[in-house]
Amino acid sequence: MPTTLLDRIGLLVTGSSEYGAGSLLGEIADAALVIGEAGLVAWVGPSRQAPSTDTKVDAGGRCVLPGFVDSHSHLVFAGDRAAEFDARMAGRAYEAGGIRTTVAATRAASDEELAANLARLVAEMRRQGTTTIEIKSGYGLTVRDEARALALARQWTDETTYLGAHVVPAEYADDPAAYVELVTGEMLGACAEHARWVDVFCERGAFDADASRAILTAGIRHGLEARVHANQLGPGPGVQLACELGAASADHCTYLTEADIDALSSSGTVATLLPGVEFSTRSQYPAARRLLDSGVTVAIATDCNPGSCFTSSMPFCIALAVREMRMTPAEAVWSATVGGATALRRGDVGRLVPGVRADLVVLDAPSYVHLAYRPGVHLVTDVWTAGRPGIAGPIRDPA
Ligand code: NIG
Ligand code: FE
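Presented here is a report on the structure given in the accompanying data block.

Parameters at a glance
- Residues numbered from 1 in each chain as written.
- Chains lettered and ligands numbered in written order.
- Predicted model: local features only at pLDDT ≥ 70, side-chain atom pairs only at ≥ 80, totals over all residues.
- Heavy atoms only, no water.
- Pairing = 2+ DSSP bridges.
- Helix = DSSP H or I, 4+ residues; strand = E, 2+ residues; numbered from the N terminus.
- Contact = heavy atoms within 4.5 Å.
- Axes fitted to C-alpha atoms, helices over the stretch in contact; angles between N-to-C directions.
- Salt bridge = Lys/Arg side-chain N within 4 Å of Asp/Glu carboxyl O.
- Buried < 20%, exposed > 50% of the residue type's maximum accessible area, 1.4 Å probe, protein only.
- Donors = N, O, S within 2.8 Å, 3.2 Å for Na, K, Ca; no water.
- Near = heavy atom within 4 Å.
- Polar contact = N/O pair within 3.5 Å; in protein donor to acceptor, adjacent residues only side chain to side chain.
- Areas by Shrake-Rupley, 256 points an atom, 1.4 Å probe, with all protein chains shown as cover.
- Nonpolar A, V, L, I, M, F, W, Y, C, P; charged D, E, K, R; others polar.

**A few points about the sheet that holds strand β12 (residues 249-252)**
- Here 7 strands make up an open sheet; going across it, the order is β8-β9-β10-β11-β12-β13-β14 and the pairing parallel. Because the sheet does not close on itself, it has two edges, and the strands there are β8 (135-136) and β14 (298-300).
- Where β8 meets strand β9 (residues 160-165), 2 bridges bridge the pair, whose relative direction is parallel. Paired with K136 across the bridge in β9 is T161.
- In the packing of helix α7 (residues 209-221) onto the sheet, the strands contacted are β9, β10 (197-202) and β11 (225-230), and the crossing angle to β10 comes to about 175 degrees.

See the structure below:
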């Protein structure tokens, strides 16, 4: 690939404290960025010092930032739950049990239908600036359907997560222990080759602490790394279990005790906040300020799924994080890029510094602040993935 100079960047967000005189986002004004032959960032700095390259692109004074890292999504499913959302907006509460509606639709869908829905949602995310996507299974809940979901997700991303433990399916309602046995046994055996991560919905109505520990531990023994749906619908053991097992991330964190915050701040586990869920279920928002002020690493992700939150938009989640969780625009952008990369244990994405993958977003705005200042406005004008403009093909490192 020819080397490319992206020049006349009004404001470049590097995400690294090595730049930008101590600003959280490592901001460089009047900047340029060089994409090297391998699709990696080769150089960043002031425009006037830029080296020469094969080609040159004019950013026209716009803001350039790292592509968003959406570290939590459920994109392999069929059908939708608009009727459930409608009922919720009329006063009904969100319940974990709604998952079973999507499970029935997903099991009944053909491979082609699932693949088409997945491709549509991935494209939707990428148009809005997301360049790294984690995708979970969890709407199949049979050996065949979970493995099928993960194999489909793997066609798009290496960040695939085995979530056979999303909820106990109806056919195991009388014997949940037998379902845990399936999830930790035959289903895990069929899914592990397609997955990097193991996840569990540790919540009342889904899996308790003992079952969750057994499921995560079995996954870890099979070479998977852990992440946990924790403390979404009420206080519970999920966050502390995630910290105890060294999970990369505890996701949701809506109901936290002081002990949960202490556990997060003294572990390497990231707190991944999903404010689109609170928006779409009309619930209280997580205490982002308390987490940040306690030194916890915070990520923001969409949780895109047909039940609790059907947005694919990281810019929308950034706006919510700022408006509803009192994060500053810089903190929210950090959490949607570097934070998400940390939650996926990825050092090669989420920032724009030499050596990382050239995944970047050009905003039709002079500053990233506009992502929150102009909520609901499509500001992402260009997306580059692995050094190439556009959103075609799987999200992988260049060959
Ligand atoms: O992250 N909490 C569990 N899973 C999803 C919701 C799934 C659904 O309602 O279909 C979530 O919110
Ligand atoms: Fe989720």
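**As for the pattern of salt bridges**
- Across all of its chains, the model carries 24 salt bridges by this definition.
- A salt bridge links R148 to D111, with the shortest nitrogen-to-oxygen separation between them at 2.7 Å. In this pair, R148 sits in helix α4 (residues 143-154) while D111 sits in helix α3 (residues 111-127), placing the two residues 37 residues apart along the sequence.
- Overall, D111 belongs to the partly exposed group, its relative accessible area being 38%.
- For D199, the salt bridge goes to K136, with nearest N and O atoms at 2.9 Å. One end of the pair, D199, is in strand β10; the other, K136, is in strand β8, and 63 residues separate them in sequence.
- A residue is classified by how much of its surface remains accessible, and D199, at 1% relative accessible area, is buried.
- Judged by relative accessible area, K136 falls into the buried class, the value being 1%.
- Several salt bridges converge on common partners, so that one network encompasses E159, R196, E225, R345, R346 and D348.

**Notes on the coordination of the iron ion (ligand 2)**
- The protein atoms that coordinate the iron ion (ligand 2) are H72 (NE2), H74 (NE2), H229 (NE2) and D303 (OD), at distances spanning 2.0 to 2.3 Å.
- On the basis of relative accessibility, which here comes to 0%, the residue H72 falls in the buried class.

**Let's talk about the side chain of S212**
- The residue S212 is located in helix α7 in this model.
- Excluding residues that lie within four positions of it along the chain, S212 makes contacts with V200, C202, F207 and L241.

**Some remarks on the site of ligand 1**
- Within the structure, ligand 1 sits among 15 residues, and Y94, Y139, Q232, D303 and S308 are positioned closest to it.
- Within the side chain of R81, a nitrogen or oxygen atom sits 2.8 Å from an oxygen atom of ligand 1.
- Residue S308 places a side-chain N or O atom 2.5 Å away from an oxygen atom belonging to ligand 1.
- Here ligand 1 loses 100% of its free accessible area of 330 Å² to cover by the protein chains.
- Taken together, the residues that form the shell around ligand 1 break down as 4 nonpolar, 9 polar and 2 charged.

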